[in-house]
Amino acid sequence: MADNFTLYIDSNHTSPYALFTYMALKEKGLPFDKVLINIREKHHKLPQYQSLSLTGKVPTLVQGDFALAESSAIIEYLEDAFPPPQHPALLPRDLRHRARARQLQAWLRSSLLALREERPTTIFFDQKTQVEAPLSEAAQKDADKLIEVAQALVGDGLGYLFGDWSIADTELALMLNRLLANNDPVPETVNKYARNQWQRPSLQAWLRKQP
């Protein structure tokens, strides 16, 4: 299978979903070209971009005449097309661990709406000043639930959720970093876990906006 990929991402590097797909390609060791799309100027709404994939979303991965949007679909495709042990794994290999990772990913992507609104990724991706306003009641409930879930999974904060790294570790750490980047209170073990995950080389490459 040809592995000449093009990844379309937001030009500001603030989309967590673009980050996850970027990291997936890096972790798999697959070469790719990166094309920046200015979302703020709605370049993703232009006909030539909309025609790339069924949903016309950012990110979109293109491989030859095949294009795929939606980061969860991209991650699953890369895992299936370039499976372990020939390529590093993106998801746990144990059946139940993989199911739990998918559960966590689905929950993080579909819930905690108030927290995501009040603690946007620009807090850390754009290195902007902290959001001064305290969390609303709804966002605090989201934060409490997030911490509850994290505490049930991270143990002493030194390792990974399922024995080895998976993309679920990055997705959980990113959500926790919405709190940490604003100095919102987080238990020490959860704080340690998120900060350890943030040092992942593929994530640091994203922060440095490397190809």
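The text that follows walks through the structure, step by step, so that each part is easy to find. Just so you know, these numbers come straight off a predicted model, no measurement behind them. Numbers given for residues are sequential positions, taken from 1 along each chain in its written order. The model is predicted, so local features are restricted to residues of pLDDT at least 70 and side-chain atom pairs to those at 80 or more, both for listing and for counting; the totals for chains, interfaces and linings are taken over all residues. Excluded from the side-chain calculations are hydrogens and water; all other atoms, namely the structure's heavy atoms, are used.

**Here we look at the packing of helix α1 (residues 16-28) against helix α3 (residues 71-81)**
Keep this limit in mind: Comment: axis = line fitted to C-alpha atoms, over the contacting stretch for helices; angle = value between 0 and 180 degrees taken between N-to-C directions. Numbering of helices and strands runs from the N terminus; a helix is a DSSP stretch of H or I covering at least four residues, while a strand is a stretch of E covering at least two. Throughout this description, any angle smaller than 35 degrees is read as roughly parallel, any larger than 145 degrees as roughly antiparallel, any in the 65 to 115 degree range as roughly perpendicular, and the remainder as oblique. Pairs of residues are marked as contacts when any of their non-hydrogen atoms sit within 4.5 Å. Side-chain classes follow a simple rule in which Ala, Val, Leu, Ile, Met, Phe, Trp, Tyr, Cys and Pro form the nonpolar group, Asp, Glu, Lys and Arg form the charged group, and the remainder, Gly included, forms the polar group.
Between α1 and α3, the shortest axis-to-axis distance is 9 Å and the interhelical angle comes to 10°. On the basis of their axis angle, the class for α1 and α3 is roughly parallel. Of α3, the residues touching α1 (which contributes Y17, F20, T21, A24, L25 and K28) are S71, I74, I75, L78 and E79. When grouped by side-chain class, the residues that make up the contact of α1 with α3 number seven nonpolar, two polar and two charged.

**What about the layout of surface pockets?**
For clarity, the cut-off: Here a cavity denotes a set of grid points, spaced 1 Å apart and computed over the protein atoms alone, in which a 1.4 Å probe fits but from which it cannot get out, and a pocket denotes an open set meeting protein on both sides within 12 Å along at least five of seven lines; residues with an atom within 4 Å of a point are reported as lining. Grid points are joined across faces, edges and corners, and a volume is the space filled by probe spheres set on the points.
Approximately 220 Å³ is the volume found for the largest pocket. Taken together, D10, N12, T14, S15, P16, Y17, I39, R40, V58 and T121 make up the full set of residues lining the largest pocket. Its residues assigned to classes, the lining of the largest pocket comprises four nonpolar, four polar and two charged.

**With respect to the sheet that holds strand β4 (residues 66-69)**
Stated precisely, the cut-off is as follows: For two strands to count as paired, DSSP must find a minimum of two bridges between them.
One open sheet holds the four strands; their spatial order is β2-β1-β3-β4, and the pairing between them is mixed. Bordering the open sheet on either side are β2 (32-37) and β4, each of which pairs with just one other strand. Across the sheet, the mean angle separating the axes of adjacent strands is 20° when strand polarity is ignored. The pairing of strand β3 (residues 60-63) with β4 spans four bridges and is classified as antiparallel. Directly across from T60, in β4, lies its bridge partner A69. α1 contacts β1 (5-10), β2 and β3 of the sheet and is inclined by roughly 155° relative to β1. This element, α3, spans β1, β3 and β4 of the sheet and lies at about 130° to β4.

**Regarding helix α9 (residues 188-197)**
The condition is simple: A 1.4 Å probe rolled over the protein chains alone gives each residue an accessible area, and that area as a share of the maximum for its type sets the label: buried under 20%, exposed over 50%, partly exposed in between. This arc describes the spread of directions from the helix axis toward the C-beta atoms.
For α9, the complete set of buried residues consists of V190, N191, Y193, A194 and Q197. Considered in projection along α9, the buried side chains sweep an arc of 165° and stay on one side of the axis. For α9, the elements touching its buried residues are α7 (137-153), α8 (167-180) and α10 (201-207).

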